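Given next are the chains, with one letter for each unit.
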Amino acid sequence: MQQSNHIMYQPPTIVSNKDLLYLQDMMAWNLNAAKKAHFFAQQCTIPEIKSTLEQVCQMHQKHYQKILQHTNLPSNGMVQ
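Residues numbered from 1 in each chain as written. Predicted model: local features only at pLDDT ≥ 70, side-chain atom pairs only at ≥ 80, totals over all residues. Heavy atoms only, no water.

**Student:** An account of helix H2 (residues 47-71) is needed here, citing residue identities and associated values.
**Tutor:** Here H2 contains 25 residues, and its C-alpha end-to-end distance of 36 Å stays within 8% of the 36 Å for a straight helix at 1.5 Å per residue. Cys57, His60, Ile67 and Thr71 are the residues of H2 that are buried. Buried residues in H2 make contact with helix H1 (17-43). (Helix = DSSP H or I, 4+ residues; strand = E, 2+ residues; numbered from the N terminus. Expected span 1.5 Å × (residues − 1). Buried < 20%, exposed > 50% of the residue type's maximum accessible area, 1.4 Å probe, protein only. Contact = heavy atoms within 4.5 Å.)

This is the structure:
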């Protein structure tokens with residue numbers, strides 16, 4: 001079995017349905033993780049753990065927002 005190593009230097013001009021579904025999954029995973037981290041931070045009474053959970057929540061929110069930015073490009077952007 002031979003594999004070809006094609007390097008993609010530029011993203012494609014169109015995002016496939018499969019790619020879009022994967023982006024939606026990534027957004028859902030990050031949103032769910034952010035909500036859980038926030039919930040547990042609110043329940044936590046140990047300041048160090050609470051702070052870490054809040055940082056985890058912020059990290060997942062940033063990831064969610066970054067993915068969202070990539071999917072909300074203008075009509076001449078990549079997502080069609």
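**Student:** Describe the packing of aromatic side chains, naming the residues involved and giving the relevant values.
**Tutor:** Taken as a whole and assessed by the stated rule, the structure comprises two aromatic pairs. Between Tyr22 and Trp29, the ring centres sit 6.0 Å apart and the planes meet at 80°, which makes this aromatic pair edge-to-face. Classification of Tyr22 by relative accessible area gives partly exposed; the value is 45%. When the centroid spacing of 5.3 Å and the interplanar angle of 70° are considered together, the rings of Phe39 and Phe40 count as edge-to-face. By relative accessible area, Phe39 is classed as partly exposed at 47%. Using a relative accessible area of 47% as the deciding quantity, one classes Phe40 as partly exposed. (Phe/Tyr/Trp six-rings, centres within 6.5 Å; stacked < 30°, edge-to-face > 60°.)

**Student:** So what's going on with the environment of His38? Residues and values would help.
**Tutor:** As for its placement among the helices and strands, His38 is situated in helix H1. Owing to a relative accessible area of 43%, His38 belongs among the partly exposed residues under this scheme. For the pair His38 and Gln58, spaced 20 residues apart in sequence, the C-alpha separation works out to 8.8 Å.

**Student:** How would you sum up the confidence of the model for the protein? Please name residues and give values.
**Tutor:** Residues of the protein with pLDDT of at least 70 account for 85%, and the chain-wide mean is 85. Contacts from residues 75-80, a stretch scored under 50 in pLDDT, to residues over four places away or in other chains number 12 contacts. (pLDDT = per-residue confidence, 0-100.)

**Student:** Lay out the side chain of Asn30 with the relevant residues and their values.
**Tutor:** Positionally, Asn30 belongs in helix H1. With residues near it in sequence (within four places) discarded, Asn30 still touches His60, His63, Tyr64 and Ile67.

**Student:** Residue-level account of the side chain of His60, with values.
**Tutor:** Within the secondary structure, His60 is located in helix H2. Judged by relative accessible area, which is 17%, His60 ranks as buried. Engagement of the side chain of His60 in a polar contact is seen with the side chain of Asn30, the distance being 2.9 Å. Look past the residues within four positions of His60 in its chain and what remains in contact with it is Asn30, Ala33 and Ala34. (Polar contact = N/O pair within 3.5 Å; in protein donor to acceptor, adjacent residues only side chain to side chain.)

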